[in-house]
Amino acid sequence: PSDDLPLEVAGPVPQGALVVPAFQSIHTQNYKYVEYKTGEKELYDLRVDPYELNNLAAKANPALLKELATRLHELRKCAGEKCRAAENKPFTLAK
């Protein structure tokens, strides 16, 4: 399902307005990982950057990015108890 509000509710987007593309994210105790529909990715270390000002995605450990992306994709396609299993699976790098 679309996350877009009907035009009657949201109103038209003014020309030149900043529009945030659709995204999905996952949070761990220490990290926030975001994937935008545009393909852009963001990663924040919430221990040292709680205001999410320093995107680490371009220079992060590739294994950490893969672990977070894999979990996000698992959660995106799961249903019922499979979601609980995916949520509860321990992280190795993204603790």
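For the structure, see preceding data.
The present account deals with the structure reproduced in this document. These numbers come from a predicted model, not from an experiment.

## Comments concerning the overall build of the protein
Now for step 1: For the protein, the helix and strand inventory stands at three helices and three strands.
Now for step 2: What you see in the protein, going N to C, is helices and strands ordered as α-β-β-β-α-α.
Now for step 3: Counting every position in the protein, which comprises 95 residues, the buried fraction comes to 31%.
Now for step 4: Counted over contacts in the protein with a minimum sequence separation of 6, partners at least 24 positions apart contribute 34%.
Now for step 5: With an accessible surface of roughly 7,300 Å², the protein has 56% of that area assigned to carbon and sulfur atoms.

## With respect to the state of the cysteines
Now for step 1: The full count for this structure, using the stated rule, is one disulfide.
Now for step 2: The residue that forms a disulfide with Cys78 is Cys83, at a sulfur-sulfur distance of 2.0 Å. The S-S bond linking Cys78 to Cys83 shows a torsion near 100°; that makes this disulfide right-handed. Comparing Cys78 with Cys83 shows no difference in burial state: the two are buried.

## A word on the nonpolar core
Now for step 1: One finds Ile26, Tyr31, Tyr33, Leu43, Leu64, Leu68 and Ala94 to be the most contacted residues of the largest nonpolar core, which totals 14 residues.
Now for step 2: Those elements giving two or more residues to this core turn out to be strand E2 (31-36) and helix H2 (62-77).
Now for step 3: Per-element tally for this core: the top contributor is H2, with five residues.
Now for step 4: If we skip the residues at most four places from it in the chain, Ala94 touches Thr28, Tyr31, Leu64, Glu67 and Leu68.

## A closer look at the sheet that holds strand E1 (residues 23-27)
Now for step 1: An order of E1-E2-E3 is seen for the three strands of this open sheet, with the pairing classed as antiparallel. Whereas interior strands pair on both sides, the edge strands pair on one side only; in this sheet they are E1 and strand E3 (41-45). Between one strand axis and the next, the sheet turns through 10° on average, direction left out of account.

## A look at the pairing of E1
Now for step 1: Bridge count between E1 and E2: five bridges; the pairing is antiparallel. Paired with His27 across the bridge in E2 is Lys32.
Now for step 2: In sequence, E1 turns back onto E2 through a hairpin of three residues.

## Some remarks on the packing of aromatic side chains
Now for step 1: Applying the stated criterion across every chain yields a total of one aromatic pair.
Now for step 2: Judged by centre distance (5.5 Å) and plane angle (50°), the ring pair of Phe23 and Tyr36 falls under tilted. One end of the pair, Phe23, is in strand E1; the other, Tyr36, is in strand E2, with 13 residues separating them in the sequence.

How each quantity is defined
- Residues numbered from 1 in each chain as written.
- Predicted model: local features only at pLDDT ≥ 70, side-chain atom pairs only at ≥ 80, totals over all residues.
- Heavy atoms only, no water.
- Helix = DSSP H or I, 4+ residues; strand = E, 2+ residues; numbered from the N terminus.
- Buried < 20%, exposed > 50% of the residue type's maximum accessible area, 1.4 Å probe, protein only.
- Contact = heavy atoms within 4.5 Å.
- Areas by Shrake-Rupley, 256 points an atom, 1.4 Å probe, with all protein chains shown as cover.
- Disulfide = S-S within 2.5 Å.
- Core = buried A, V, L, I, M, F, W, Y, C linked by side-chain atoms within 4.5 Å.
- Pairing = 2+ DSSP bridges.
- Axes fitted to C-alpha atoms, helices over the stretch in contact; angles between N-to-C directions.
- Phe/Tyr/Trp six-rings, centres within 6.5 Å; stacked < 30°, edge-to-face > 60°.

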